[in-house]
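Structural features, examined
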Amino acid sequence: MPGPIDFIVAIPARHDAARLPGKPLRLLAGEPLVLHVARRALAAGAREVWVATDDARVVQALSGTAVRTAMTSAAHPSGTDRLAECADIAGWDDATVVVNLQGDEPFAPAAGIRAVAEVLAASGAPMSTLAAPIDDVDTLFDPNAVKLVRAGNGDALYFSRAPVPWPRDAFAADRGRLPEEGGWLRHIGIYGYRAGFLRAFAALPPGRLERTEALEQLRALEAGHRIAVALTPEPFPPGVDTPGDLARAESRMAQAHG
C-alpha cells in the first residue's frame, strides 16, 4: 500500500479582511484565530505548515510554535496570489504538494485537509478540491453556496453560484424541495496544487467565467486545466467571516470544551 502523502499546508492570512478587520488576530477561546487554523493543519499530518501574511503582528502571534511564516505583499488581490509569493519565499520545488487552507477555518477536519492532498496525488491533476452533498433546496438556491458538477472520473466540470445541474422536469412541477434523485454538490473552498501549478495559476489572467461568477477556480477550468474533486470524509463546519460567525465559533468552541 502507498505510504502517507507528503504535503505542506499554506494558510493565507491577510490582516484587514473586509468584513472582519484584523481577522487573523481576533480571539477565539482566548487565542488568535490564525493559531486555531494552524493547529488544524498540524493535526492533519502536514510536513510543514506555513502562514503567509502581510502583517508582522500575525508573525508575532505564531512565534514559539511549529508554524513557519512568510511576510508577503499587502497588495495581493487573493489568497492564491499570496501563496504563490510564499512558494517563492519558501523555495518549494515545483512537485511539492501544497494545500491551501483558508485562514478562517478553525474547525477544518484533519481528514478533509489530508483528502485534498490525497486526491491530488492519486488523480495526477494539477489542482484538487472537496465537495459535500447538498440535502436541502435552500442551499441549492443560495448564491453564497457554490455548486459543483463533476465528470464521471471525479474531475470538476463547472462551479456556479446558480443551482446546477437544473432538474428541468422536477423544478417545473415544484421548486420547493429537492428531487429524490439527489446528487447535487456544494463546493468546499479548500484547494491542493503542485507548487509549480500554484505559481502558474496565479500568473494567469482572470477569465470571463471567473469574472462572471466571481469564482477564482473557474480560471483554471477556463484555461483547460483539470481540478480533481473528492467528497469530504468529514463535514466542514462554517468558517469565520463576520463578527456573527466569530460569536458562533466561540459558542461552538465552548461546547466542545464544556
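Use the structure listed above.
Quantities reported herein were computed from a predicted structural model and do not represent experimental measurements.

Some remarks on the pairing of strand 6 (residues 97–100)
In strand 6, alternate side chains face the same way, and those of Val97 and Val99 on one face and Val98 and Asn100 on the other are all buried. As paired strands, strand 1 (residues 8–13) and strand 6 are joined by 3 bridges and run parallel to one another. Bridged to Ile8 within strand 6 is Val98. As defined by bridge partners, strand 6 adjoins strand 10 (residues 185–194) across 4 bridges and the pair is classed as antiparallel. By the bridge assignment, Asn100 is partnered in strand 10 with Tyr191.

Some points on the environment of Ala121
Relative to the helices and strands, Ala121 resides in helix 4 (residues 110–123). When near neighbours in sequence (up to four residues on either side) are disregarded, Ala121 contacts Ile5 and Arg194.

Quick look at helix 7 (residues 195–203)
Along helix 7, the residues that are buried comprise Ala195, Phe197, Leu198, Phe201 and Ala202. Along helix 7, the residues classed as buried sweep out an arc of 155 degrees about the axis, all on the same side. Tucked inside the fold, the buried residues of helix 7 contact helix 3 (79–90), strand 6, strand 7 (127–133), strand 10 and helix 9 (218–222).

Observations concerning the packing of aromatic side chains
By the definition in use, this model includes 6 aromatic pairs. Taking the centre distance of 6.0 Å and the plane angle of 85 degrees together, the rings of Trp50 and Trp92 count as edge-to-face. Placement of the pair is Trp50 in strand 4 (residues 48–53) and Trp92 in the loop between helix 3 and strand 6, with a sequence separation of 42 residues. The exposure class of Trp50 is buried, given its relative accessible area of 9%. Look at Trp92 and you get buried, because its relative accessible area is 7%. Ring plane angle 25 degrees and centroid distance 6.4 Å describe the contact between Tyr191 and Tyr193, whose orientation is recorded as stacked. The ring of Phe201 carries Arg219 above its face, with NZ or CZ at 5.1 Å from the centroid.

Points about the pattern of salt bridges
When the charged atoms of two side chains lie near each other, side chains of opposite charge can form a pair. The tally for this structure, following the rule as stated, stands at 16 salt bridges. Ionic pairing is found between Asp241 and Lys23, a salt bridge with its closest N-O pair at 3.2 Å. Remark: Lys23 occurs in the loop between strand 1 and strand 2 (27–28) and Asp241 occurs in the loop between strand 11 (228–231) and helix 10 (243–256); sequence separation between them is 218 residues. The exposure class assigned to Asp241 is partly exposed, which follows from its relative accessible area of 22%. Lys23 gets classed as buried once you look at its relative accessible area, which sits at 10%. Through salt bridges with shared partners, a single network forms among Asp6, Arg47, Glu48 and Arg68.

What about the nonpolar core?
Counting 35 residues, the largest nonpolar core has Phe7, Val9, Ile11, Leu101, Ile113 and Ile190 as the members making the most contacts within it. Counting only elements with at least two residues in this core, the list comes to strand 1, helix 1 (33–43), strand 4, strand 6, helix 4, strand 7, strand 10 and strand 11. Element by element, the count of residues in this core is highest for helix 4, at 7 residues. Listed in part, the 32 residues of the second largest apolar core include Ala131, Phe159, Leu215 and Leu221.

About the criteria used
- Residues numbered from 1 in each chain as written.
- Predicted model: local features only at pLDDT ≥ 70, side-chain atom pairs only at ≥ 80, totals over all residues.
- Heavy atoms only, no water.
- Buried < 20%, exposed > 50% of the residue type's maximum accessible area, 1.4 Å probe, protein only.
- Helix = DSSP H or I, 4+ residues; strand = E, 2+ residues; numbered from the N terminus.
- Pairing = 2+ DSSP bridges.
- Contact = heavy atoms within 4.5 Å.
- Arc of directions from axis to C-beta.
- Phe/Tyr/Trp six-rings, centres within 6.5 Å; stacked < 30°, edge-to-face > 60°.
- Lys NZ or Arg CZ within 6 Å of the ring centre and 35° of its normal.
- Salt bridge = Lys/Arg side-chain N within 4 Å of Asp/Glu carboxyl O.
- Core = buried A, V, L, I, M, F, W, Y, C linked by side-chain atoms within 4.5 Å.

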